[in-house]
Structures are given as structure tokens and as C-alpha cells.
Amino acid sequence: MFDPWTFGLATTVCLWLAAAACVRVAGARAEDRKDGPEVVHEGLYAAVSTMHTMLSEWCNKRQCGADIRATFHRVVPPVHEPRELEQIINYAGATGEGVGRTFPVHTGITGRAIRSKKPLVMSSQDATEEQLRTELVREWGYTEAEVRKLGPGRYSAMAVPVLDRSGQHPIGVIYLDSSDRALFERDDVVEIVGIGTKAVSDFVTKRY
């Protein structure tokens, strides 16, 4: 049943989240312009961290997605022939990890998002870690050696590609994951991620 009060509250929250994201990203841009290109990734981390905080706060109040992580992978040039992705900031929502890792573009949800130029969601219903890793090999293009290097317990993920100003070539991908198996199938989560990734994408295409 349609509830006008609930709908109005949800709309207000989404608008507030969008405004907060814009303010934080604008601040990150200002810092980057002031300090120079050597700290450009600090601005990117601030933008991704804002998106992560918005989503985590929303989910904490609804008891979903308690361990969400978010990061950004760039396409290693040349972008018109992508072959490799590089994680250029640590995970927001984790203890300082991930930066500098590289991945072939033919593996995983991030690589598939780059190749398809479309946002993608993974939601695994596997009961065990071993079954999840088997699924990653079978469905997502990993080798056995590659899948052993992945962190455990990430049963759901979302990858949103960022295109260059021409809209033709992916230059990176925003990646989120969680142990909550169906987190990124929730309409409210998808809406908040959409707001956050739009702000991050705007920052990336104008700053890099």
C-alpha cells in the first residue's frame, strides 16, 4: 500500500544524501586544486568514502550490509584497449588495504563491467566459501590461482563503470562488496549507490 509519509521521507533522505555527496566531492576537488596532482587520489578517496558512508548509515538503520566496502579501479592506459585494472585507493570500510593491486580485464565483475560498459550486480547464494570460489571461476572468469588471492566472504558485489567525457571509453570502475548475499538487489540500496556513483563519476571525469 502506498504510504505518502514514508514516500516523502525517503525522497527527503535521498535528496539530502545527494546534496551531501555534492558538497563533499566539491570539497575534494578544491583540495586537489590547491595541493596539486600528487594528492589527486585523496580527493577520489574522499568522494568514494562519502558514498560508502551514506550507504553504510542507511543500511545500519535497516540491519543490512554491515560490512560494506567500496573502492575505485582505474583502467591502465591505453583506455581504448583496456587490458588491466589497477586499484588506486584503499577500500573505504576496511583497514587500509588494496591499493596497488592489478586485475586482468577479462576477470571478475569489475572486468565485465568495463567490457560491457554497464553496471553489474553479483549476488551469490552459495552456502560455503569453497562453493563461492567455484562460482567465481565458473561464472566470472577467474582462474583457480586468481580466486585463491581474493578475500573471503564477499557474497555480493556491484560494479559501476565510469566512462570518459566522450562516453565511449571506460576509464575506471566503482566497486562495492559485502557479505550480505542480496544487498545490491534492494531497490533502496541501488538508488543510494546510484546517487553516490554519479557524484564519484562526475569527479573522476572532470579531474582525471
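Just so it is clear, the model here is predicted, and its values are computed rather than measured. (Residues numbered from 1 in each chain as written. Predicted model: local features only at pLDDT ≥ 70, side-chain atom pairs only at ≥ 80, totals over all residues. Heavy atoms only, no water.)

J.: For helix 6 (residues 187-207), give the residues involved together with the corresponding values.
T.: With 21 residues, helix 6 extends 30 Å from end C-alpha to end C-alpha; this agrees with the ideal 30 Å at 1.5 Å per step. Inspection of helix 6 places D188, V189, I192, V193, G196, T197, A199, V200, S201, F203, V204 and T205 among the buried residues, and these make up the whole buried set. (Helix = DSSP H or I, 4+ residues; strand = E, 2+ residues; numbered from the N terminus. Expected span 1.5 Å × (residues − 1). Buried < 20%, exposed > 50% of the residue type's maximum accessible area, 1.4 Å probe, protein only.)

J.: Describe unusual backbone geometry, with residues and values.
T.: What you tend to see is this: most non-glycine residues have negative phi, and most peptide bonds are trans. The peptide bond linking P77 to P78 adopts the cis configuration, its omega dihedral lying at 5°. The topology assignment puts P78 in the loop between strand 1 (69-75) and strand 2 (84-87). Even without glycine at this site, Q63 takes up a positive phi of about 55°. Unusually for a residue other than glycine, K117 sits at a positive phi of about 60°. Note on K117: relative accessible area 40%, which makes it partly exposed.

J.: Can you break down the sheet that holds strand 3 (residues 102-104) residue by residue, with the values?
T.: Whenever strands of a sheet pair, they do so through backbone hydrogen bonds, lying parallel or antiparallel. Taken in spatial order, the six strands of this open sheet run 3-2-1-6-5-4, and their pairing is antiparallel. Looking at the sheet topology across the chains shown, the edges are occupied by strand 3 and strand 4 (120-123). Strand-to-strand twist of the sheet, defined as the mean angle between neighbouring strand axes without regard to direction, takes the value 25°. Pairing between strand 4 and strand 5 (residues 156-163): four bridges, direction antiparallel. Bridge pairing links M122 to A157 in strand 5. Where helix 3 (residues 108-116) meets the sheet, it contacts strand 1, strand 2, strand 4, strand 5 and strand 6 (170-178), and its direction lies at approximately 145° from that of strand 6. (Pairing = 2+ DSSP bridges. Axes fitted to C-alpha atoms, helices over the stretch in contact; angles between N-to-C directions. Contact = heavy atoms within 4.5 Å.)

J.: Outline the confidence of the model for the chain, listing residues and values.
T.: Confidence in the prediction of the chain, expressed as mean pLDDT, is 85, and 81% of residues score 70 or more. A low-confidence stretch, residues 32-38 (pLDDT under 50), is modelled with eight contacts involving residues beyond four sequence positions or located in other chains. (pLDDT = per-residue confidence, 0-100.)

J.: Kindly report on the environment of C59, identifying the contributing residues and their values.
T.: Along the chain, C59 turns up in helix 2 (residues 40-60). Leave out the neighbours within four places in its chain, and C59 touches C64, G65, I68, L183 and V189.

J.: I'd love a proper account of the pattern of salt bridges, names of residues and values included.
T.: A complete count under the given rule lists eight salt bridges for this structure. Of the charged contacts in the structure, one is a salt bridge between E139 and R138, with a shortest N-O distance of 3.0 Å. Put simply, D177 and R154 hold a salt bridge, and the shortest N to O gap is 3.0 Å. Pair noted here: D177 is in strand 6 and R154 is in the loop between helix 5 (144-148) and strand 5, with a separation of 23 residues, a long-range link. Each of the two residues, D177 as well as R154, counts as buried. (Salt bridge = Lys/Arg side-chain N within 4 Å of Asp/Glu carboxyl O.)

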